[in-house]
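# Residue-level structure breakdown
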Amino acid sequence: MDHSDLTQYLDYALIAMLLAVGFAIVRLRNLFAVVMLTGVYSLLSAAWFVSLDAVDVAFTEAAVGAGISTVLMLGAMLLTARESEPAGARRHWAALAVVVAAGAALFFAIPDMPVYGDPNSPANSYVGMDYMTSTPNEIAVPNVVTAVLASYRGYDTFGETVVIFTAALGVMLLLGFGTGRREEEDDAAAGKARTGKAAKTEDKA
C-alpha cells in the first residue's frame, strides 16, 4: 500500500465524518450543540483541504469557519432560545428539494471537471506554471501559494481581509447593541415587578 492509497482512505474517512456531522446538525435541536458541530464540520473540511493540497483554503476555513463564525454564532445564540422550535413538514420538504436540486447540479458538473492530479489541468498549466517558474526568481518566499497571496495578489488579499474584518465588526456591534437593549428590557421588567410588589404590600397594609 503506497502513500496515494493511504491518502485516498483518509479522504474517504473525512468525507464519512463530514456526512455524519452534517446529519447530526440537521437532527439536533439544541443550538449550542449545533454551533459546536458546525465548528467541527469546518475543522474536518480544513483537514480535507490539506489532504487535497489546498493549504491556503484550509487555513481560511479553519480561521473563518471554525474560529470567527463559531464565536459570532455563540454570541448570537445568547440573544435567542437555546432550543430551536420544531419546523413544519412543508419546510422539511422544501429544504429537501433544494438539497436534491443542488446535489443534482453538482453531479451534472462533475464530468466537466479535470481529473484529480492531472498535470494538464488548468490549475497546473497556463498562468499557474508561470507563477511556479517566476516565484523563485522574483519573490524570496519558498511557498508559491504564500507568494501569490501575499505578493502577486497582495491588494486582493488585503481587500478580502478588510471585508471579513468589517463584517465581523458589524455583527459584533449588532450583538452588543442587542445585548444592551435586552439588559435594559430586563431591568425595566424587574422595576415593574418591584413596583407591583410594593403596591400590593401597601394595599395589604
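Going by the annotation in an unreviewed UniProt entry, the name recorded for the protein chain is Cation:proton antiporter, with Maricaulis virginensis given as the source organism. As stated in UniProt under Subcellular location (unreviewed entry), the record for the protein chain gives "Cell membrane".

## Concerning the layout of surface pockets
Gaps left between atoms show up when a probe the size of a water molecule is rolled over them. If you add up the space inside the largest pocket, you get close to 1,700 Å³. Taken together, 42 residues line the largest pocket, and the ones lying closest to its centre are Trp48, Phe49, Leu52, Met113 and Tyr116. Elements with a contribution of two residues or more to the lining of the largest pocket: helix H1 (3–27), helix H2 (31–51), helix H3 (55–77), helix H4 (89–109), helix H5 (127–138) and helix H6 (144–152). Broken down by class, the residue content of the lining of the largest pocket amounts to 30 nonpolar, seven polar and five charged.

## Here we look at the packing of aromatic side chains
This model, assessed by the stated rule, comprises one aromatic pair. Note on Tyr131 and Tyr152: the rings are 4.9 Å apart at their centroids and 50 degrees apart in plane angle, and the pair reads as tilted. Placement of Tyr131 in helix H5 and of Tyr152 in helix H6 is noted, with a sequence separation of 21 residues between them. On the accessibility criterion, Tyr152 (29% relative accessible area) is partly exposed.

## Description of the pattern of salt bridges
Side chains that differ in charge, positive against negative, can pair when their charged atoms come close. Throughout the structure, instances matching the rule amount to two salt bridges. Here Asp156 makes a salt bridge to Arg153, at a shortest N to O gap of 2.3 Å. Judged by relative accessible area, Arg153 falls into the partly exposed class, the value being 30%. The partner of Glu160 in a salt bridge is Arg153, and the shortest N-O contact between them spans 3.6 Å.

## Thoughts on the UniProt feature "transmembrane region" (unreviewed entry) in the protein chain
Mapped onto this structure's residue numbering, the UniProt feature "transmembrane region" (unreviewed entry) falls at residues 6–26, 31–50, 62–81, 93–110 and 158–177. The span residues 31–50 is 100% helical and 0% strand by assignment, and the distance between its end C-alpha atoms comes to 29 Å. End-to-end, the C-alpha atoms of residues 62–81 are 27 Å apart, and along that stretch the chain is 80% helix and 0% strand.

Procedures and definitions
Residues numbered from 1 in each chain as written. Predicted model: local features only at pLDDT ≥ 70, side-chain atom pairs only at ≥ 80, totals over all residues. Heavy atoms only, no water. UniProt positions renumbered as here; feature names shortened; annotations may be inferred. 1 Å grid on protein atoms, 1.4 Å probe; cavity = no way out; pocket = protein on both sides within 12 Å on 5 of 7 lines; lining within 4 Å. Points joined across faces, edges and corners; volume = space filled by probe spheres on them. Helix = DSSP H or I, 4+ residues; strand = E, 2+ residues; numbered from the N terminus. Nonpolar A, V, L, I, M, F, W, Y, C, P; charged D, E, K, R; others polar. Phe/Tyr/Trp six-rings, centres within 6.5 Å; stacked < 30°, edge-to-face > 60°. Buried < 20%, exposed > 50% of the residue type's maximum accessible area, 1.4 Å probe, protein only. Salt bridge = Lys/Arg side-chain N within 4 Å of Asp/Glu carboxyl O.

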